[in-house]
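Residues per chain are reported as follows:
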Amino acid sequence: MREAVMGSPGVYSVIAPNMGKQIVAFQAMMKSISTDFPGCLSGYTMNVVESHQSTKADTSGTAKAVINSFNDMGVDFSVDDVEKVRTEDVQLDRMGVPMKYLKGHAYHTYTLTSPDGTVTLEFKHNVRGRLVYAEGTVDAAEFLVEKRALGVDQQIFNMIDILRSGKMQ
């Protein structure tokens, strides 16, 4: 994709694994913390549970990015240890996913515990439906129209570029 865009004058693209602006902002926040405070959670243990529609087989890119940030904060955790919830009865009962969103949701919970067990931190983001991704896609398209009209040299952008522009609905 990159090569096709770069070799085509007047063609602009947003390449991003996640178009949900708020989720991308959460990822960026976690990355910023990991950069500013490396090792700040050394010794903490972590449990990660993610629930997606039953057709999603792999661990999400969002979880991988957030785990990478926690690793940079000193947490020893492997993406292979993510608990992937894909069965509807568990999604309904344990995760609290409403029935109408079983075919399209993304629930992630990251629970960290201090070495002595006296501190627990929990980060959670739950997306029901696909509206947040559609809104991000519209914002990205509008962003690209503006960049193309300005004739900027940069042709490839990501969702962080959209967030930094402030051009969000």
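Look up a bit, the structure's there.
Residues numbered from 1 in each chain as written. Predicted model: local features only at pLDDT ≥ 70, side-chain atom pairs only at ≥ 80, totals over all residues. Heavy atoms only, no water.

**Q** Sorry, what's going on with the overall build of the protein chain here?
**A** In terms of helices and strands, the protein chain carries six helices and six strands. Each helix and strand of the protein chain, placed in order from N terminus to C terminus, yields the pattern α-β-α-β-α-β-α-β-β-α-β-α. The buried share of the protein chain, reckoned over its 169 residues, is 39%. Considering only residue pairs separated by 6 or more positions, the protein chain has 70% of its internal contacts joining residues 24 or more positions apart. With an accessible surface of roughly 9,400 Å², the protein chain has 54% of that area assigned to carbon and sulfur atoms. Positive and negative side-chain charges of the protein chain, numbering 17 and 20 respectively, have mean locations separated by a distance of 6 Å. (Helix = DSSP H or I, 4+ residues; strand = E, 2+ residues; numbered from the N terminus. Buried < 20%, exposed > 50% of the residue type's maximum accessible area, 1.4 Å probe, protein only. Contact = heavy atoms within 4.5 Å. Areas by Shrake-Rupley, 256 points an atom, 1.4 Å probe, with all protein chains shown as cover. Lys, Arg positive; Asp, Glu negative; His and termini not counted. Charge placed at Lys NZ, Arg CZ, Asp CG, Glu CD.)

**Q** Just checking my understanding: could you explain the environment of G129 for this structure?
**A** For G129, the position within the fold is in the loop between β5 (120-128) and α5 (131-150). When the C-alpha positions of G129 and Y101 are compared, they lie 5.8 Å apart, and in sequence the two are 28 residues distant. What G129 contacts, discounting residues up to four positions off in sequence, is Y101, G104 and H105.

**Q** Quick question: what am I supposed to make of helix α3 (residues 61-72) here?
**A** Residues spaced three or four apart along an α-helix face the same direction, because each turn holds 3.6 residues. For α3, built from 12 residues, the straight-helix expectation of 16 Å at 1.5 Å per residue is met to within 8% by its first-to-last C-alpha distance of 17 Å. If you check which residues of α3 are buried, you get T62, A63, V66, I67, S69 and F70. The buried side chains of α3 occupy one side of the element, clustering within an arc of 155° when seen end-on. Along its buried surface, α3 packs onto α2 (21-36), β2 (45-52), β4 (105-113) and β5. Two residues or fewer after α3 comes G74, characterised by a positive phi angle close to 105°. (Expected span 1.5 Å × (residues − 1). Arc of directions from axis to C-beta.)

**Q** Can you help me understand the packing of aromatic side chains in this one?
**A** Here the distance between the centres and the angle between the planes together describe a pair of aromatic rings. By the definition in use, this model includes four aromatic pairs. Measuring from centroid to centroid gives 5.6 Å for F70 and F123, while their planes differ by 55°, and the two rings are tilted. With a gap of 53 residues between them, F70 in helix α3 and F123 in strand β5 connect regions that are remote in the sequence. A residue is classified by how much of its surface remains accessible, and F70, at 0% relative accessible area, is buried. (Phe/Tyr/Trp six-rings, centres within 6.5 Å; stacked < 30°, edge-to-face > 60°.)

**Q** Can you help me understand the packing of α2 against α3 in this one?
**A** Describing two packed helices takes the angle between their axes plus the distance from one axis to the other. α3 packs onto α2 with a crossing angle of 15° between their chain directions and a minimal axis gap of 8 Å. Judged on the interaxial angle alone, α3 and α2 are roughly parallel. Crossing handedness for the pair α2 and α3: left-handed. Note on element contacts: α3 touches α2 through G61, T62, A65, V66, N68, S69, F70 and D72, opposite I23, F26, Q27, M30, K31 and S34. When the residues that make up the contact of α2 with α3 are grouped by side-chain class, the tally is six nonpolar, six polar and two charged. (Axes fitted to C-alpha atoms, helices over the stretch in contact; angles between N-to-C directions. Parallel < 35°, antiparallel > 145°, perpendicular 65-115°, else oblique. Left-handed = near helix turned anticlockwise from the far one by under 90°. Nonpolar A, V, L, I, M, F, W, Y, C, P; charged D, E, K, R; others polar.)

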